[in-house]
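Architecture and fold: a report
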Amino acid sequence: MLRHVHTLARSARLTAAPLLLLAAAPAQRSPETRVDRAPAGTQATAPQMAAFGRSVYLVWQDDRNGSGDIFFNRSNDAGKTWMGQDVRLDTSAAGSSDSRNPQIAVNGARLIVTWVDERSGSFDVYCNRSLDGGATWLAADVRINSISSRSATTAPRPRAIAAGGFFYVLWDDYRLANADVYFNRSRDATAGSWLANDIRLDVGSTIGSAASLFPQLATSGALGQSVFATWADRRDGQFDIYFSRSLDSGANWLSPDVRLDVGSAAGAALSGVPQIATSGGAVYVVWADARDGETDIYFNRSLDNGTTWLDPDVRLDTDAAGAAASGQPQLAASGDAVYVVWSDSRNGETDVYFNRSLDRGGSFLGTDVRLDTDAAGAAASTEPQIAAAGDHLYVAWTEGRNPTTDLYYNRSANAGANWLPDDVALDTSATQRLINATAPQVAATGPYVAWQAGTASGQAVYFNIPFGFQTYGNGNVGAGGQVPQMGGSGLAIIGGPITLDVANAVGGAPGAMFLGAGPSSRTALPIQQGTLQVIPLITLGFGTTGPAGVPGIGKASIPLTLPSNPVFVGANINLQAWIVDDQSPTEFAHTGGLELWIG
């Protein structure tokens, strides 16, 4: 076979057309990855995810030590490998008190994790942070709230953001009879660096007089200096949606705060579970609102950093007002676009619906779009999550169609104009399909999806990528002791252009790219002092750049267009590059393998 490879490689010709032959053998992606390293019987729950480039960070609460502790793990290679040991971030004695409700935020190499902890006998807000991408953490965690909670039964729900030079934290605080919304900030999250007196934001009512719940936090500006908060507030009877903002990194806030559900009288109907997102100077808020009977999804927006808002607000679910329960709204913003998803019971069991605006909330689709593609209303679809990167949208949710609850996903590559005709299950292994998934998380970087699911005796944290590239195996040494490397770039979606990149090879050399279809094409076959990583269905020739024979400078970028037929969603392709290297004893050097999933 190597004689044939040598001849083909010397021809240095490449065409993308043979990739279409892979239609003969599509195969689904590899199973999901379990992230936590907890022992059997542990309840690892409430996962939260943050991502930056190829780095993925996960936190969760688990009871491996008795009571709940907060644990962390990370991958620096897009989820291929994870640390061998989880890192515990609450630094009181392991299992000595209940820690729960973790949140994580990332800004470059700066990470902050917040949670609530009852080590003092009531719930307080704690944090730990890393300035080197999770490699090291504070030796002692730090309490953020300046006055302890009076509640030993109701745990706050902290929200955290890392932006510019600050860490920001928002939470519902029970230091008096009813919860208020409090805020604190720090530059490095160490003890003594937080504001000595945290700041109450629900200032339009008397402190502790009415419950303020479900706080959410967002920032904007090149340095994250504009900080925005929203929450549900019961000061006038039923819950309304309120807002406040700071334009100076959290030093000063609006007084009074601002009500956003202005299309109905204050306190007249239940409004709850608000969500907030920003893009440029625009601020967007959505919530569930019962002014018409059953809850609908309502929206308000400001184009001037929260100074002025729409009056009235806007309903986004386009069935009859109040006819069916719509809830669990989530939103994402990118450029001038804002995207909203929610769960909706108009068809029986809840489905996942979507609406969008491409003009900063000025207008929305006249008909909302259902994203779960089984029979409408046939199974409960809940907990939708959305992430956006430019025109690319990623939505994940849980659904009980099997009848276990599994993790599903859909995506759009054109700002929500079109979606996959069939949604995709991401908990793909045989054991996963027999247990329930919940608490999905989705990040547009990647994209990446995480969730919790049952094990034989507990709960665990899982991770998958809907599409993309991951390397496997090892290359062998060529000229100058250099090992050629291979990677992929571009969005690996049906019909999408991608590039296969070879680097670190000898210059001016011919090579051959092996392509195999499906998991069965992945191998590790020793051959002529190297390792064949792919059983090829197709072999393509290419040539490296640079002066002939110079070690380590040879590169090749091989553009391909993936098949456009939706049948290829979930298909797996395995690849490896071999390069003719006259300075190698074997006359060849090769890369490791590259695994590709099509989304």
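Predicted, not measured: the structure shown is a model, and the values here were computed from it.

Read across the sheet, four strands follow the order E1-E32-E31-E30 without closing on themselves; strand pairing throughout is antiparallel. Each having just a single partner strand, strand E1 (33-34) and strand E30 (437-443) make up the two edges of the open sheet. Sheet topology places E1 next to strand E32 (residues 459-464); two bridges connect them, and they run antiparallel. From the neighbouring strand, Arg-34 faces E32, where its bridge partner is Tyr-462.

All right, on to the sheet that holds strand E14 (residues 212-220) then. Pairing is antiparallel across the open sheet formed by four strands, whose spatial order is E14-E15-E16-E17. Either end of the sheet is taken by a strand with one partner, and the two such strands are E14 and strand E17 (258-259). Where strand E16 (residues 240-246) lies against E17, two bridges are found, and the strand directions are antiparallel. By the bridge assignment, Phe-243 is partnered in E17 with Val-258.

Right, let's get into the pairing of strand E15 (residues 226-233). Where burial is concerned, most of E15 is hidden: eight out of the eight residues are buried. The two faces of E15 match: Ser-226, Phe-228, Thr-230 and Ala-232 on one face and Val-227, Ala-229, Trp-231 and Asp-233 on the other face are all buried. Relative to E15, E14 runs antiparallel, the two being bridged by seven bridges. Bridge pairing in E15 places Ser-212 opposite Asp-233. Turn length for the E14-E15 hairpin, with the two strands adjacent in sequence and antiparallel, is five residues, and the turn residue Gly-221 shows positive phi of about 95°. In this sheet, E16 lies alongside E15 in antiparallel orientation, the contact comprising seven bridges. Along E16, the bridge assignment pairs Trp-231 with Tyr-242. Once E15 ends, the chain turns through six residues before running back antiparallel as E16, passing Gly-237 with a positive phi of about 130°.

The rules behind these values
- Residues numbered from 1 in each chain as written.
- Predicted model: local features only at pLDDT ≥ 70, side-chain atom pairs only at ≥ 80, totals over all residues.
- Heavy atoms only, no water.
- Pairing = 2+ DSSP bridges.
- Helix = DSSP H or I, 4+ residues; strand = E, 2+ residues; numbered from the N terminus.
- Buried < 20%, exposed > 50% of the residue type's maximum accessible area, 1.4 Å probe, protein only.

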